[in-house]
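If you want the building blocks of each chain, they are given just below.
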Amino acid sequence: MEFRIERSALTEAVSWAARVLPVRSPVPVLGGLLLDTEAAAGSGAGDGRLRISGLDYEASARIDVEAGVLRPGKVLVMGRRLLDICKVLPDGPVECAVEGSRFTVSGDGARFGLSVLPLDDYPALPPLPQVRGAVDAELFAAAVADVAVAAGRDDTLPVLTGIRLGLDGDTMTLAATDRYRFAVRTVPWKATAPGESADVIVSARRLTEIARSLGRSGLVSVALDAGSAGFEHAGMRTTVRLLEGRLPRHEKLFALEDPAVAVVDRARLAEAVKRVSVVADGDSPVQMTFTRADASVTLRAGYEDDVASQRLPATLEGAEELTVAFNPAYLADALASFEGPTLRLLLLGAGQRALITDGADPDGTPADGAGPGTHRHLLMSVRPQLV
């Protein structure tokens, strides 16, 4: 094997494939990246394709990039060590070759040698499942980020560490919950066949990594079968094993009966929550009192002598005054997942559910340029405490 490639292209490709490598593994070859080169059919010497692949027991990644292939072949090398080398190589063209039992990487006078791993011990990458359709890459990445903040972190309850990926006709629904909050985002997507539907759970950590890495333009192909999900975009292909179980359905939880509705500036509210939270020790809540008469909301946090408050403009309909309180970290996460200029808070009262949406008309139609799709975040309020 021998090929030439720009250092930046090699580094990006190795970095992308190395995402899935296990930090520690009892199987040494799973720490390896498979480099496979192929000369372009009918082309002159030096044209071709470099494919870099990696996998562990939960996920796989494969990326194709253009390279000047002088001698086709395959080699398996330690992936993280190769990535470390790529990061310190001088800018410019890089020459890579297999020389006996060593893989060499050189550029602009710098030269590195890596021992190769046994190819026969390396498992085959799982195939891409059946492609069900495609979704806009930028919209998909934003939707995953919006809901991932609500996913659980407790590995003893694996299903709560996942994101529900629901496909129904021309709508994709992403949802996550840790039992204290519940985020849902719907986006349009293009199904391969009419009536395409699916309902699976994908690791929130894995799906976040995938969505971030697939680029911000074009369409991402979404593939699903009974045990895995696959995503493909611009020469990049990745698969991830599905989590078992199902998340609770959100429809009834999100149906609030006769709520009071508050509207407030999103950026100012997020900044105020951050400001008053500096005196909120542990899980002590941030209290919000909405007052219809003077069109305001007053935020309070802290106990005894260490207290903070801030007053902001806000409108309230459906009640003269209403006080709710939230875990400050959960509230800050929820506010940060929205982008529109205003937010609507649908409130039932202290200790009950509260639904946050982008500023919109009562029928839920975005009214402030929030973009396609609907994003909603449900929080459980706690009992306010005297401040």
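Bear in mind that the values here come from a model prediction, so they are computed numbers and not experimental data.

1. Thoughts on the domain arrangement of the protein chain
- Domain annotation for the protein chain reports domain 1 (2-117), domain 2 (131-248) and domain 3 (251-380).
- In this structure, domain 1 and domain 2 have C-alpha centres spaced 29 Å apart.
- The partner domain 2 presents 13 residues to the twelve residues of domain 1 that form the contact.
- Of the roughly 1100 Å² buried at the junction of domain 1 and domain 2 (both faces included), carbon and sulfur atoms supply 37%.
- For the domain 1 face of the interface with domain 2, the top three residues by lost area are W16, R19 and E58, together amounting to 49%.
- At the surface where domain 1 touches domain 2, the tally comes to two salt bridges.
- When the shortest N-O distance is used, the salt bridge between E58 and R206 registers 3.5 Å.
- The tally of links from domain 1 across to domain 2 stands at eight residue pairs in polar contact (both at pLDDT 80 or more).
- A per-element tally of the side of domain 1 that touches domain 2 places strand β4 (residues 59-66) first, with six residues.

2. A short note on the nonpolar core
- Ranked by internal contacts, the top residues of the largest apolar core, which has 69 residues, are F3, L35, I52, F103, M172, L174 and F231.
- By residue number, the principal contributor to this core is helix α3 (residues 137-148), which donates eight residues.
- The two domains that each donate at least three residues to this core are domain 1 (2-117) and domain 2 (131-248).
- Core analysis: the second largest hydrophobic core is formed by 33 residues, V276, L347, I356 and L379 among them.

3. Brief notes about the environment of G107
- When you line up the elements, G107 lands in strand β8 (residues 102-107).
- It is 7.2 Å that separates the C-alpha atoms of G107 and G92, two residues lying 15 residues apart in sequence.
- The contact partners of G107, leaving out residues within four places of it in the chain, are P90 and P93.

4. Focus: the sheet that holds strand β19 (residues 260-265)
- With respect to topology, twelve strands assemble into an open sheet ordered β15-β11-β12-β13-β26-β25-β24-β19-β22-β21-β20-β23, the strand pairing being antiparallel. Of all strands in the sheet, those with a lone pairing partner are β15 (197-203) and β23 (321-326), marking the two edges. For this sheet, the mean inter-axis angle between neighbouring strands, taken without regard to orientation, is 25°.
- Pairing geometry for β19 and strand β22 (residues 306-317), over four bridges, is antiparallel. Note on β22: the bridge partner recorded for V263 is T315.
- On the sheet, helix α4 (residues 204-213) packs against β11 (162-168), β12 (171-177) and β15 and is oriented at approximately 100° with respect to β15.
- Across the sheet, helix α7 (residues 328-336) lies against β13 (181-188), β20 (286-291), β23, β24 (342-347), β25 (353-358) and β26 (374-380), angled at about 175° from β26, the strand it touches most.

5. Topic: the pairing of β19
- In terms of strand pairing, β19 meets β24 through six bridges, oriented antiparallel. Residue V264 lies in a different strand from β24, and its bridge partner there is L343.

6. Quick notes on the sheet that holds strand β17 (residues 228-233)
- The sheet built from nine strands is open, its strands ordered β6-β2-β3-β4-β18-β17-β16-β10-β14 with antiparallel pairing. Looking at the sheet topology across the chains shown, the edges are occupied by β6 (73-78) and β14 (190-191).
- As paired strands, strand β10 (residues 130-136) and strand β16 (residues 219-224) are joined by six bridges and run antiparallel to one another. Across the sheet, the residue bridging to G133 is V222, located in β16.
- Contacts between helix α2 (residues 79-88) and the sheet are confined to β2 (32-39) and β6, with β6 contributing the most and set at about 90° to the helix.

Rules used throughout
- Residues numbered from 1 in each chain as written.
- Predicted model: local features only at pLDDT ≥ 70, side-chain atom pairs only at ≥ 80, totals over all residues.
- Heavy atoms only, no water.
- Domains from an automatic or database assignment.
- Contact = heavy atoms within 4.5 Å.
- Buried area = accessible area lost by both parts, 1.4 Å probe.
- Salt bridge = Lys/Arg side-chain N within 4 Å of Asp/Glu carboxyl O.
- Polar contact = N/O pair within 3.5 Å; in protein donor to acceptor, adjacent residues only side chain to side chain.
- Helix = DSSP H or I, 4+ residues; strand = E, 2+ residues; numbered from the N terminus.
- Core = buried A, V, L, I, M, F, W, Y, C linked by side-chain atoms within 4.5 Å.
- Buried < 20%, exposed > 50% of the residue type's maximum accessible area, 1.4 Å probe, protein only.
- Pairing = 2+ DSSP bridges.
- Axes fitted to C-alpha atoms, helices over the stretch in contact; angles between N-to-C directions.

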